[in-house]
Amino acid sequence: MTEKSIRERIEQLRKEINEHNYHYYVLSDPVISDAEFDRVFRELQELEKANPQLITLDSPTQRVGAKPLSAFTQVTHQIPMLSLDNAFTDAEVHAFDKRIHDRLHINTELEYVCEPKLDGLAVSLHYEDGIFVQGATRGDGETGEDITENLRTIATVPLKLRGKGYPSTLEVRGEVYMPKAGFLALNKKAEIHGEKLFANPRNAAAGSLRQLDPRITAKRPLALFCYGIGVYKGKDIPSTHNEILKELKEWGFIVNPEIEVVTGIDKCLKFYERIGKIRSELVYEIDGVVYKVNQLKEQERLGFVSRAPRWAVAHKFPAEQATTVLEDVEFQVGRTGALTPVARLKPVFVSGVTVSNATLHNMDEVRRKDIYIGDTVIIQRAGDVIPEVVEVIKKLRPAHAKKINLPKDCPVCHSKIEQIEGEAIARCSGGLYCSAQRKEAIKHFASRRAMDIEGLGDKLVEQLVDADLIKNPADLYTLTLDQLSGLERMAEKSAQNLLDALEKSKKTTFARFLYALGIREVGEATAKSLARHYGDLESLFNATQEDLQTIRDVGPVVAKHAAMFFSENHNKKVIEKLLTVGIHWPKTIKSDANLPLKDKTFVLTGTLQDFSREEAKEKLENLGAKVAGSVSAKTSYVVVGADAGSKLKKAQELGVSIMDEKAFSDFLRELT
Ligand code: I6G
């Protein structure tokens, strides 16, 4: 066969496979047998294997899972991914409809699109000229994580759009979910292998999408329903939401088949009733339904309020409840010493999960709900939220029921419990003397978004603290192979892996390090602000509470905790030790300096040899640059690593400056 005829055959096979996938997944109407499909698929695989130069990212063979990533990169959503307001009662739904009528000055009934609300994970899928180029999680709505390779493994995510009428840039939004049957099968397998079970399909879907190794994601039974769009460029947009959904179907996306267009809010409530009735028969979990104003012009006039559109609402099903006995209450001590009363329950099955613990939040809640040990209680589990006690069935209270009292001393370290007048939270005063607080502080230090010490899970931290091998985060770095392999259930290989992971974690960023210290009220965003503002530890040590308060996003409470933290001798010593063992980070450039890459936007694509994406991004951001997820005419530079794909092509088309890795390294060297 000549190269030309091979190319043509490959094209034809891809077309055929895409067509069969569309019939199978979207139309649920397969036209060939599985065996015949496998034959066609294998032929394509073999041709591509023999001609790797002809493999393209949109080939259906490219779903099997790319190489593992070291970390996810961040993606800034061009249009924020909002959330939905909730309504729990018919009255709240009527109020939603009235607000819309009032705002639009309309007194006739409105058209709504009604659809089931899946309990999954919101994602965005970005297409350039019909090719899937990037996928991201919702994240905080502004910035998500780049999970392109994981999304590529999902059979119902089109890698190439069907037909010709799609816009040149299209961002589709939808919900990734795990069907109930797939979830049960996955947990069965995990049980057989003695692995941890997922609590529910949503967690299983989230855990599967957040795998750094796409080959694991590829084995998970994930699917996608699309419900809307973000960016839509290069073509006129239809006038209704329903027409957009129709277009999405034509282009190969799966849209929920239960969707209805109705007139009037009462018809929405009828839809809610209908879906409620068939809820248990649906092959996926839902937690309510969504109503959206159909006319896009009206949506536009309604706009948004804080983080949610005014033109849509999620009408939630009531949380599932069950009755059981509260057998005991224990107090858990958190990282900051906060005591949380936790109810130990007689195990009870609620919405697919056996529940044996429920949070009682704090003592004010215990008193308000008048909860006693021995009470029969109604508990509730809603979606992902920790089960909670809703109310006590008072008439079933036994004579021996026992009042719940806040302990005077910490149940772990026996230090005094303190409760500030007027505050609901009681705290152990033991600080890092308390092993529970130490454990939580070390778990936080090791966590993925902090020092990211792979393999140092919660159980292992507890084992290390209990065995008195570590007292603070710095002690982690002086652990030896002998000490680790002497631990129960720790083979030498795993011990060595942990030492390697500890070594790797020494290279970090200033912001991550600050976040890892676990200063009260200092989350990731505040840690970033502190890092950018002060640039180094010394300046931070010298900052007073007043100085700290001048930083954007730092209020008096955060400033007080940060100043207190850095003035404490014990903390200074731990930080010194952490630096002595070799924790380091690239120089952080202060944001108030005149940064050389201010106003420049970079896009990183392909695999860089000497930097992870995260590192390259950090370096650029420290120099004042913005790092974007996709190439546009506004992009200043595209940094191109190995195996770069469509972003490189786009940069070439738009005439954007391109740097290879060598040029990029030289460029950075000159600036730093
Ligand atoms: O999180 C969501 C789930 C389902 C949504 C949504 C949806 O429609 C069926 N629609 C919108 C507009 C948003 N979130 C923001």
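Read on for a plain summary of the structure. Since this is a predicted model, take the numbers as computed values, not measurements.

## What about the packing of aromatic side chains?
And step 1. Within this structure, the stated rule accounts for 18 aromatic pairs.
And step 2. Relative to Phe 566, the ring of Phe 565 lies with its centre 5.4 Å away and its plane at 80 degrees, an arrangement referred to as edge-to-face. We note that Phe 565, like Phe 566, is buried.
And step 3. One Lys or Arg, Arg 162, reaches over the ring of Tyr 22 and ends 3.6 Å from the middle of that ring.
And step 4. When the ring centre of Tyr 372 is taken as origin, the NZ or CZ atom of Arg 397, which lies over that ring, is 4.1 Å away.

## Here's the deal with the side chain of Glu 48
And step 1. Summarising the element assignment, Glu 48 is placed in helix α2 (residues 34–50).
And step 2. Those residues in contact with Glu 48, other than ones at most four positions away along the chain, are Ile 10, Arg 14, Ile 55, Ser 59, Thr 61 and Gln 62.

## Quick notes on the sheet that holds strand β23 (residues 601–605)
And step 1. On the basis of which strands lie adjacent, the open sheet formed by 4 strands has the order β24-β23-β25-β26 and parallel pairing. In this open sheet, the two edge strands, each paired with only one partner strand, are β24 (626–628) and β26 (657–660). Each strand of the sheet is rotated relative to its neighbour by a mean of 30 degrees, with strand direction disregarded.
And step 2. Pairing geometry for β23 and strand β25 (residues 637–640), over 4 bridges, is parallel.

## Some details on the pattern of salt bridges
Oppositely charged side chains are able to pair whenever their charged atoms sit close together.
And step 1. Evaluated as defined, the whole model comprises 36 salt bridges.
And step 2. The residue Glu 247 makes a salt bridge to Lys 235 at a minimum N-O spacing of 2.7 Å. Of this pair, Glu 247 sits in helix α8 (residues 241–250) while Lys 235 sits in the loop between β8 (223–233) and α8, placing them 12 residues apart in sequence.
And step 3. We classify Glu 247 as buried; its relative accessible area is 12%.

## Notes on the environment of Asn 571
And step 1. If you trace the backbone, Asn 571 turns up in helix α21 (residues 569–580).
And step 2. On the basis of relative accessibility, which here comes to 9%, the residue Asn 571 falls in the buried class.
And step 3. With 383 residues separating them in the primary sequence, Asn 571 and Lys 188 have C-alpha atoms 46 Å apart.
And step 4. Here Asn 571 is in contact with Leu 432 and Phe 565, once residues within four sequence places are set aside.

## Observations regarding the nonpolar core
One broad rule of soluble globular proteins: the nonpolar side chains tend to lie buried together.
And step 1. Judged by nonpolar contacts, the single largest core of 55 residues is most densely connected at Ile 453, Leu 476, Tyr 477, Leu 514 and Leu 548.
And step 2. When contributions to this core are tallied by element, the ones reaching two or more residues are α12 (435–446), α13 (458–466), α15 (492–505), α16 (510–516), α17 (524–534), α18 (537–542), α20 (556–567) and α21.
And step 3. Those residues in contact with Leu 476 that lie beyond four places of it in its chain are Ile 442, Phe 445, Ile 453, Leu 456, Leu 464, Ile 470 and Leu 502.
And step 4. If you look at the next biggest cluster of nonpolar residues, it comprises 35 residues, including Leu 125, Tyr 127, Tyr 232 and Ile 244.

Thresholds applied
- Residues numbered from 1 in each chain as written.
- Predicted model: local features only at pLDDT ≥ 70, side-chain atom pairs only at ≥ 80, totals over all residues.
- Heavy atoms only, no water.
- Phe/Tyr/Trp six-rings, centres within 6.5 Å; stacked < 30°, edge-to-face > 60°.
- Buried < 20%, exposed > 50% of the residue type's maximum accessible area, 1.4 Å probe, protein only.
- Lys NZ or Arg CZ within 6 Å of the ring centre and 35° of its normal.
- Helix = DSSP H or I, 4+ residues; strand = E, 2+ residues; numbered from the N terminus.
- Contact = heavy atoms within 4.5 Å.
- Pairing = 2+ DSSP bridges.
- Axes fitted to C-alpha atoms, helices over the stretch in contact; angles between N-to-C directions.
- Salt bridge = Lys/Arg side-chain N within 4 Å of Asp/Glu carboxyl O.
- Core = buried A, V, L, I, M, F, W, Y, C linked by side-chain atoms within 4.5 Å.

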